[in-house]
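Residue-level structural notes
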Amino acid sequence: MQRKTNVTDQVKIKLDNGKLVFSLGSQVIGEMRVSGERLALSPTYQLENGQLYQLSTKPPTSTADSYVEHCDLGWC
């Protein structure tokens, strides 16, 4: 009789060239091809050509005053 052990919480998943590779310890136990059409990602992530990208907006450039501006207080 076969014994069945739940190892779900021990499995690691890595995205590798458009496929998910499942491993348990150092042993690869499976893989699954991934397509962008069937993958539901958060709006700030994108799958493109088998690679996963995080999308972010560039922070606005700072227009902070220089340390030598507004020297009328006499401490600079």
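What you see is a predicted model, and the numbers here were worked out from it, not measured in a lab.

Looking now at the overall build of the protein chain. Helices and strands together make up the secondary structure of the protein chain, namely zero helices and five strands. Taken from the N to the C terminus, the helices and strands of the protein chain come in the order β-β-β-β-β. Of the contacts formed within the protein chain by residues at least 6 apart in sequence, a portion of 12% connects residues at least 24 apart. Within the structure as shown, the protein chain displays about 7,400 Å² of accessible surface, and the carbon and sulfur contribution to it stands at 52%.

Considering the arrangement of structural elements, one finds Ser-23 in strand β2 (residues 19-24). Apart from the residues within four sequence positions on either side, Ser-23 is in contact with Gln-10, Val-11, Lys-12, Val-28 and Ile-29.

Phi is positive for Asn-17, close to 50 degrees, though the residue is something other than glycine. Its location among the elements puts Asn-17 in the loop between β1 (11-16) and β2. Accessibility expressed as a relative area gives 53% for Asn-17, which makes it exposed.

Each value, and the rule that gives it
Residues numbered from 1 in each chain as written. Predicted model: local features only at pLDDT ≥ 70, side-chain atom pairs only at ≥ 80, totals over all residues. Heavy atoms only, no water. Helix = DSSP H or I, 4+ residues; strand = E, 2+ residues; numbered from the N terminus. Contact = heavy atoms within 4.5 Å. Areas by Shrake-Rupley, 256 points an atom, 1.4 Å probe, with all protein chains shown as cover. Buried < 20%, exposed > 50% of the residue type's maximum accessible area, 1.4 Å probe, protein only.

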